[in-house]
Amino acid sequence: MDNLLKLNKAKTSLKGSITRIQTFLDNLSEDVNKTLLDIKLKKIDQLQKKLEELKEISFGIETATPTEEAEFEDDLDNCEIRLEDLELQSETNERGLSPPPIQPQTLTKQEDGESEVINPSTLNTVLNNAAAQRSKNVLISTGSIFLRNNEGRELKCSVIFDSASNTNIISRKMCDFLGIAIEKINTSVSGLNSMKQNLKGKMNTLISNTIGSFRENIEFFGTEKITGVTPSVTLDISEIKIPQFLELSDPYFYEAKEIHALLNADIFFRIIKDNVYRVNEVLLFRGTEFGWIAGGRLQEKSNLMTFRVIFLNIMILLRIHQNYFVSVNHLT
């Protein structure tokens, strides 16, 4: 029981740290120091490692009752979800940091009475700062598959086709939706930076495509959440014309959305086809048994942050000119 008490104390400390970071991010100001934001992001990584350590230790407690074990595991699952949300929020804030403040401009009065800004790069700074908000994103191969539920019906599921994974993964939300019994297991998978993610159990179900030409019984490992929204932001395809004859596996590949399954490399290389359709230099589609999947790099869709940056910078310019004319009037 002492071990459970120590774990509960460690869990309480972890939740407190998460709350403090949440408060920091919720009250983030426009002029926050990027270094401070980076420190908070590293702190989230440290807390995620601590969370994994607590999960591993909790499996070894034999004195805990089933109820205590379930409550402790649910608490840790909630901590994991909060940390993932915080990581996404902090990365979003980091991308959306305001540009460096415009240096005060030296104004002078020309002989014809019109004002002149000595530093003509101010307007370019405004435009460049706005453009910098729209970084290019590498497309992840997303699509749709059908999974058989406990009643024999086939339900649509969003999926990542992963050419580098050796495990098929499904989210707990999708498991509940399918209503298929899950066999509880104690294992984990590793990703970038050797970060471990606990797997809650495993299950088998049939996957298929729209026309039924591909059908296979697959073993999935369950986890709370596979990834954040994919892509991480909505991407801009306003200037791209996608041919209607392409039956896309994910018609909304450019929109940020939840993913509920991941298919491994073994399946990826068996469903992939040779035909490739290149739309332009930044976007292409590759044929698969589940329809055409997108690849390439696209810009983020213009968002409110971009317009906010432009608006704030224009207001600064107007205030500079206003102050100048006030000064001129006082002199005359």
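Reading guide: rules and limits
Residues numbered from 1 in each chain as written. Predicted model: local features only at pLDDT ≥ 70, side-chain atom pairs only at ≥ 80, totals over all residues. Heavy atoms only, no water. Helix = DSSP H or I, 4+ residues; strand = E, 2+ residues; numbered from the N terminus. Buried < 20%, exposed > 50% of the residue type's maximum accessible area, 1.4 Å probe, protein only. Contact = heavy atoms within 4.5 Å. Areas by Shrake-Rupley, 256 points an atom, 1.4 Å probe, with all protein chains shown as cover. Pairing = 2+ DSSP bridges. Phe/Tyr/Trp six-rings, centres within 6.5 Å; stacked < 30°, edge-to-face > 60°. Core = buried A, V, L, I, M, F, W, Y, C linked by side-chain atoms within 4.5 Å. Axes fitted to C-alpha atoms, helices over the stretch in contact; angles between N-to-C directions. Salt bridge = Lys/Arg side-chain N within 4 Å of Asp/Glu carboxyl O.

(A) Fine view of the overall build of the chain. If you tally the helices and strands in the chain, you get 7 helices and 13 strands. For the chain, buried positions account for 39% of its 332 residues. Counting only contacts in the chain whose residues sit at least 6 apart along the sequence, the fraction spanning at least 24 positions is 67%. Within the structure as shown, the chain displays about 19500 Å² of accessible surface, and the carbon and sulfur contribution to it stands at 52%.

(B) Looking closely at the pairing of strand β4 (residues 142–148). For β4, the tally of buried residues reaches 6 of 7 residues, placing the bulk of the element in the interior. By the bridge criterion, 7 bridges tie β4 to strand β5 (residues 154–161) in an arrangement that is antiparallel. What sits directly across from F146, in β5, is K156. Joining the antiparallel neighbours β4 and β5 is a turn of 5 residues, in which G152 adopts a positive phi near 85°.

(C) Just the packing of aromatic side chains, in detail. Counted according to the given criterion, the structure contains 7 aromatic pairs. Joined through ring pairs, the aromatic side chains of Y252, F253, Y254 and F285 make up one cluster.

(D) Inspection of the nonpolar core at higher detail. Ranked by size, the top nonpolar core spans 23 residues in total, and within it I145, L147, F161, I207 and F220 carry the most contacts. Taken together, the elements giving at least two residues each to this core come down to β4, β5, α5 (172–178), β8 (196–208), β9 (215–223), β10 (261–263) and α6 (265–271). A total of 4 residues in this core trace back to one element, the largest contributor, which is β5. In this view, I145 contacts L155, K156, C157, V159, F161, I207, S208, L263 and F290; residues no more than four positions away in its chain are not counted. Formed by 14 residues, the second largest nonpolar core is a distinct cluster that contains L246, F253, Y254 and F285.

(E) View of the side chain of S158. As for its placement among the helices and strands, S158 is situated in strand β5. Assessed through its relative accessible area of 18%, S158 is described here as buried. Setting aside residues no more than four positions away along its own chain, S158 makes contact with G143, E258, I259, H260 and A261.

(F) Molecular detail of the sheet that holds strand β12 (residues 283–288). Taken in spatial order, the 4 strands make up an open sheet running β3-β13-β12-β11, and their pairing is antiparallel. Two strands bound the open sheet, and with one partner strand each, they are β3 (136–138) and β11 (272–278). On average, each strand axis in the sheet is inclined to that of its neighbour by 20°, with strand direction left out of account. Where β12 meets strand β13 (residues 293–299), 4 bridges bridge the pair, whose relative direction is antiparallel.

(G) Focus on the pattern of salt bridges. Per the counting criterion, the structure on display carries 8 salt bridges. Between K202 and E219 there is a salt bridge, and its shortest N-O distance comes to 3.8 Å. Taken together, the positions of K202 in strand β8 and E219 in strand β9 put the pair 17 residues apart, joining distant regions of the chain. We classify K202 as partly exposed; its relative accessible area is 25%. With a relative accessible area of 33%, E219 lands in the partly exposed category.

(H) Geometry of unusual backbone geometry. Cis geometry is adopted by the peptide bond preceding P231, which originates at T230 and carries an omega value of -5°. Structurally, P231 can be placed in the loop between β9 and β10.

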